[in-house]
Amino acid sequence: MSISNVIASYNELSKLDLRVLRVIEVLHRNHEYVPVKRIVNYMGLSEEVIDKSISKMNKLKLLVRRGPDNVRLTFPAYDILSIHTMVKKGVIDAIAPTPLGVGKESDVYAADAPNGEKYALKFHRIGRVSFRNTRKYRVWIGERRHVTWLYEAKISAHMEYLALTEAYKAKVPAPRPRAVTRHLVAMEYVNGVELFRVKLSNPEDVLEQIISAIEDLLRINIIHGDLNEYNILVNPSDEKITIIDWPQWMYANVKGSRVILMRDLNIILRHFKSNYGLNVGIDAVMSRLAPLIPNSELPPEKAYSRLIKRVTSLVK
Ligand SMILES: Nc1ncnc2c1ncn2[C@@H]1O[C@H](COP(=O)(O)OP(=O)(O)OP(=O)(O)O)[C@@H](O)[C@H]1O
Ligand SMILES: [Mg+2]
């Protein structure tokens, strides 16, 4: 569903419809498909009123039925809940109809704020969290394994928001984070073009900005984990970079992180070699980074346990 259709549906919803969506969201904690009876009980309204709202939202493709008595939310419904929260909080008041980027894992749109600022809204579609394969990941999903897509998208968004916050604080060139709710991150809109699209006039300087950002990240124990020519935006006028797309970040002191760091670096160095003939070797860069790379290599369960607790409590 396009964002214009999502917003058109949103505009058709009454306060009651929105409440029904929120109640279903809550009941999803325990049900993959939520029994309509539970919604009726929870809201203390007549079955007739609830049925009418459900039928309406089913036609708008915000709810999917299983049989006559069970329903579940769709992503557009979830989008509406997140947009509604951001509008209520005064973060945004309009969303541009044309996406800035659409992928398998997210949709990104420009949005206007009441204060005149412009934001990028990133709707997370699935989880892409680096420690999803660790044993602890099962703890995250836990009893919520029923509605994994919803929960994973939410974790992914909160993980991205955390990384943006830490990176921005450390003066790493990343979009300034503005707000997060459910699977939606609002961040500064960056006026830039993806690195793969630009012809740089000063590639040495841009490569230096990237390596220096990697250094600053190591100082705060972070590795981006998906650095490539698509996730670096370059301002066309001064060639200043902004690094985007953070949900898969990892700690630098975790077992296996060095491999990820070298993969990030190799992808970047290859880009500058094949497009600009710059011959900067990975060994030279790694020895420059060496003093910043943590000596300890913690097992993921140990390294992430506090973070997992923190994020789990955020996405309850
Ligand atoms: N803060 C921003 N300001 C301006 N444009 C942005 C911003 N964030 C993302 N974009 C645009 O949206 C695109 C996708 O964003 P991002 O890389 O964060 O998502 P993604 O997870 O890579 O999506 P995909 O599923 O395609 O992998 C970017 O390539 C960029 O064009
Ligand atoms: Mg990307």
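Residue indices follow the written sequence of each chain, beginning from 1 at its first position. Key to labels: chains lettered from A, ligands numbered from 1, both in the order written. Reporting in this predicted model follows two pLDDT cut-offs: at least 70 for local features of residues, and 80 or more for side-chain atom pairs to be given and counted; totals over whole chains, interfaces and linings ignore these cut-offs and use all residues. Hydrogens and waters are ignored; side-chain quantities use all the structure's heavy atoms.

Student: Just to check I follow, could you spell out the overall build of the protein chain for this structure?
Tutor: Numbered from the N terminus, helices here are DSSP runs of H or I no shorter than four residues, and strands are runs of E no shorter than two. Assigned secondary structure in the protein chain consists of 11 helices and 13 strands. Seen along its three principal axes, the alpha-carbon backbone of the protein chain occupies a region of about 70 × 45 × 30 Å. Residue burial is assigned from relative accessible area. The probe radius is 1.4 Å, only protein chains are included, and a residue is buried under 20% of its type maximum, exposed over 50%, and partly exposed in between. Counting across all 316 residues of the protein chain, residues that qualify as buried make up 51%. Residue contacts follow a heavy-atom distance rule, with two residues in contact if any of their heavy atoms lie within 4.5 Å. Of all intrachain contacts in the protein chain linking residues separated by at least 6 positions in sequence, the fraction that spans at least 24 positions is 67%. Surface accessibility in these figures is a Shrake-Rupley result with a 1.4 Å probe; residues are shielded only by whichever protein chains are displayed. Of the accessible surface of the protein chain, which amounts to about 15200 Å², a share of 50% is contributed by carbon and sulfur atoms.

Student: Teacher, can you tell me more about the coordination of the magnesium ion (ligand 2) here?
Tutor: Here the coordinating atoms are restricted to nitrogen, oxygen and sulfur within 2.8 Å of the metal centre, or 3.2 Å for Na, K and Ca, and because water is not among them the sites may look incomplete. Each protein donor to the magnesium ion (ligand 2) is listed here as Asn 231 (OD1) and Asp 245 (OD); together their distances run 2.2 Å. Here Asp 245 lies in the loop between β12 (241–243) and β13 (250–251) and Asn 231 lies in the loop between β10 (222–223) and β11 (232–234), a separation of 14 residues in the sequence. For Asp 245, a relative accessible area of 13% gives the class buried.

Student: Sorry, what's going on with the sheet that holds β12 here?
Tutor: Backbone-to-backbone hydrogen bonds pair the strands of a sheet. The strands run either parallel or antiparallel. Spatial ordering of the open sheet is given by β9-β11-β12, a layout of 3 strands whose pairing is antiparallel. With one partner strand each, in any of the chains shown, β9 (193–194) and β12 form the two edges of the open sheet. Between any two strands, pairing holds if DSSP finds at least two bridges. Across 2 bridges, the pairing between β9 and β11 is antiparallel. Bridge pairing in β11 places Glu 194 opposite Leu 233.

Student: Just to check I follow, could you spell out the sheet that holds strand β8 (residues 184–188) for this structure?
Tutor: An order of β4-β5-β6-β8-β7 is seen for the 5 strands of this open sheet, with the pairing classed as antiparallel. Of all strands in the sheet, those bounded by a partner on one side alone are β4 (94–102) and β7 (177–181). Recorded for the sheet is a direction-independent mean angle of 25 degrees between the axes of neighbouring strands. Its contacts with the sheet place helix α1 (residues 3–12) against β4, β5 (106–112) and β6 (118–124), and it is angled at close to 150 degrees to β4. Only C-alpha atoms enter the line fits that serve as axes; for helices the fit covers just the stretch in contact. Angles between N-to-C directions range over 0 to 180 degrees. Sitting on the sheet, helix α7 (residues 148–169) touches β6, β7 and β8, and the angle it makes with β7 is about 160 degrees.

Student: How should I be thinking about the layout of surface pockets in this particular structure?
Tutor: If a probe as big as a water molecule is rolled over the atoms, it shows which places are left empty. Cavities and pockets were defined on a 1 Å grid built over protein atoms only: a cavity is a set of grid points that admits a 1.4 Å probe from which the probe cannot escape, a pocket is an open set flanked by protein on both sides within 12 Å along at least five of seven lines, and lining residues are those with an atom within 4 Å of any such point. Grid points are joined across faces, edges and corners, and a volume is the space filled by probe spheres set on the points. In this structure, the largest pocket spans a volume of roughly 710 Å³. Those elements that place two or more of their residues in the lining of the largest pocket are β4, β5, β6, β8 and β9. For the lining of the largest pocket, the element with the highest residue contribution is β4, accounting for 3 residues. Polar here means any residue outside two lists: the nonpolar Ala, Val, Leu, Ile, Met, Phe, Trp, Tyr, Cys and Pro, and the charged Asp, Glu, Lys and Arg; Gly therefore counts as polar. Residue composition of the lining of the largest pocket, grouped by class: 13 nonpolar, 5 polar and 9 charged.

Student: Explain the nonpolar core here, please?
Tutor: For soluble globular proteins, nonpolar side chains are generally found buried alongside one another. As used in this record, nonpolar core signifies buried Ala, Val, Leu, Ile, Met, Phe, Trp, Tyr and Cys residues forming a set joined through side-chain atoms within 4.5 Å. Residues Leu 195, Ile 210, Trp 246, Phe 272 and Leu 289 are the most contacted members of the largest nonpolar core, which totals 58 residues. Excluding residues within four positions of it along the chain, Leu 195 makes contact with Leu 200, Val 206, Ile 210, Glu 229, Ile 232, Val 234, His 271 and Phe 272. Membership of the second largest hydrophobic core comes to 44 residues, among which are Val 6, Val 34, Met 86 and Leu 150.

Student: Just checking my understanding: could you explain helix α8 (residues 203–219) for this structure?
Tutor: Because the α-helix completes a turn every 3.6 residues, residues three or four places apart line up on one side. An ideal rise of 1.5 Å per residue puts 24 Å on 17 residues; α8 measures up with 24 Å between its terminal C-alpha atoms. Among all positions in α8, only Pro 203, Val 206, Leu 207, Gln 209, Ile 210, Ile 211, Ala 213, Ile 214, Glu 215, Leu 217 and Leu 218 are buried. For α8, the secondary structure elements touched by its buried residues are α7, β10, β11, β12, α9 (257–276) and α10 (282–289). Positioned one or two residues after α8, Asn 221 has a phi angle of 65 degrees, which is positive. Each residue after the first adds 1.5 Å to the expected span of a helix.

Student: Explain the packing of helix α2 (residues 15–27) against helix α4 (residues 47–59) here, please?
Tutor: Helix-helix packing is described using two parameters, namely the angle between the two axes and the distance between the axes. It is the contact of α2 with α4, at a shortest axis distance of 10 Å, that shows an interaxial angle of 85 degrees. Between α2 and α4, the interaxial angle falls into the category roughly perpendicular. Taken together, the residues of α4 that come into contact with α2 (itself represented by Leu 16, Asp 17, Val 20 and Leu 21) are Val 49, Ile 50, Ser 53, Ile 54, Lys 56 and Met 57. Here the contact of α2 with α4 is composed, by residue class, of 7 nonpolar, 1 polar and 2 charged. Roughly parallel means an angle under 35 degrees; roughly antiparallel means over 145; roughly perpendicular covers 65 to 115; every other angle is labelled oblique.

Student: Please clarify how helix α11 (residues 300–314) should be interpreted in this entry.
Tutor: With 15 residues, α11 extends 20 Å between its outermost C-alpha atoms, agreeing within 8% with the 21 Å of an ideal straight helix rising 1.5 Å per residue. Given a residue, its bend is the angle between the two axes fitted to the seven residues that end at it and to the seven that start from it. Along α11, the largest kink reaches about 40 degrees and is centred on Arg 306. If you check which residues of α11 are buried, you get Ala 303, Tyr 304, Leu 307, Ile 308, Val 311 and Thr 312.

Student: It is not clear to me how the pattern of salt bridges should be interpreted in this structure. Could you clarify?
Tutor: Any two side chains of opposite charge can pair, given that their charged atoms come close. Salt bridge, as used here: a side-chain nitrogen of Lys or Arg that lies within 4 Å of a carboxyl oxygen of Asp or Glu. With the rule as written, the count across this model stands at 12 salt bridges. Taken together, the shared-partner salt bridges connect Asp 79, Asp 107 and Arg 125 into one network.

Student: Mind showing me how you'd approach the environment of Phe 272 here?
Tutor: Mapped onto the elements of the fold, Phe 272 is located in helix α9. Judged by its relative accessible area of 0%, Phe 272 falls in the buried class. Note: C-alpha distance between Phe 272 and Asp 17 (255 residues apart in sequence) is 52 Å. Not counting residues within four places of it along the chain, the set of residues in contact with Phe 272 comprises Leu 195, Leu 200, Pro 203, Val 206, Leu 207, Ile 210, Gly 277 and Leu 278.

Student: Before we go on, may I ask you to explain the pairing of β7 in this structure?
Tutor: Looking along a regular strand, one sees side chains alternate from face to face of the sheet. Of all 5 residues that make up β7, 4 are buried, and the element is covered over most of its length. In terms of strand pairing, β7 meets β8 through 4 bridges, oriented antiparallel. Each residue of the ladder has a partner; that of Pro 177, found in β8, is Met 187. Counting the residues between successive antiparallel strands, the hairpin from β7 to β8 contains 2 residues, one of them, Arg 182, with a positive phi of roughly 50 degrees.

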